[in-house]
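Chains, contacts and geometry: an overview
Below, each chain spelled out in residue letters.
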Amino acid sequence: SPPGAEPLVDFRDRVLAAWRQMCESAMGERVLVVTHGGVIRLILLHVQQRPLSDLLRLEVPHACLYRITSPGRAGRGARVMALGNEHGPIREGAA
């Protein structure tokens, strides 16, 4: 974390608590989440069951779109599809 910033584990816990709550309350519905790259990376790590140490290894281009489908009750085990941004499709394996 940068000096004076929220500790990374606190940021992760806050983001994932909101993600889990959204997944449980919107079960079976379509939801649009608009957020910044840090939140996107944390959600991708969570649904892909990857460690926090992989956070900066994930490529999240500016203005990108990700489609996350069929998460379980806790928001894990979902399929992730990187759809692209204004520069075209995101290359396979970027997420």
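Here is a short report on the structure shown in this document. Computed from a prediction, not measured in an experiment: that's the story for all the values here. Residue numbers restart at each chain and count upward from 1, following the sequence in its written direction. Reporting of local features is limited, given that this is a predicted model, to residues whose pLDDT is at least 70; pairs of side-chain atoms are given and counted only at 80 or more, and all residues count toward the totals for whole chains, interfaces and linings. Only hydrogens and water are set aside; all other atoms, that is, all heavy atoms of the structure, feed into the side-chain values.

1. Side note on the environment of Val15
Applied cut-off: Every helix listed is a DSSP run of H or I at least four residues long, and every strand listed is a run of E at least two residues long, numbered separately from the N terminus. Here, residues are in contact when the closest pair of their heavy atoms is within 4.5 Å.
Within the element layout of this structure, Val15 appears in helix H1 (residues 8-25). For the pair Val15 and Leu42, spaced 27 residues apart in sequence, the C-alpha to C-alpha distance is 7.4 Å. Setting aside its immediate chain neighbours within four residues, Val15 contacts Val39, Leu42 and Ile43.

2. As for the packing of H1 against helix H2 (residues 37-47)
Which entries qualify depends on this criterion: Note on geometry: axes are lines fitted to C-alpha atoms, helical ones only across the stretch in contact, with angles between N-to-C directions running from 0 to 180 degrees. For classification purposes, an angle smaller than 35 degrees is called roughly parallel, one larger than 145 roughly antiparallel, one from 65 to 115 roughly perpendicular, and anything else oblique. Take the far helix as your reference; a near helix turned counterclockwise from it by less than a right angle gives a left-handed crossing, and one turned clockwise gives a right-handed crossing.
For the pair H1 and H2, the least separation of the axes is 10 Å and the interaxial angle reads 70 degrees. Put simply, H1 runs roughly perpendicular to H2. In terms of crossing hand, the pair formed by H1 and H2 is right-handed. Mapping the contact onto sequence places Phe11, Arg12, Val15, Leu16, Trp19 and Arg20 in H1 and Gly38, Val39, Leu42, Ile43, His46 and Val47 in H2.

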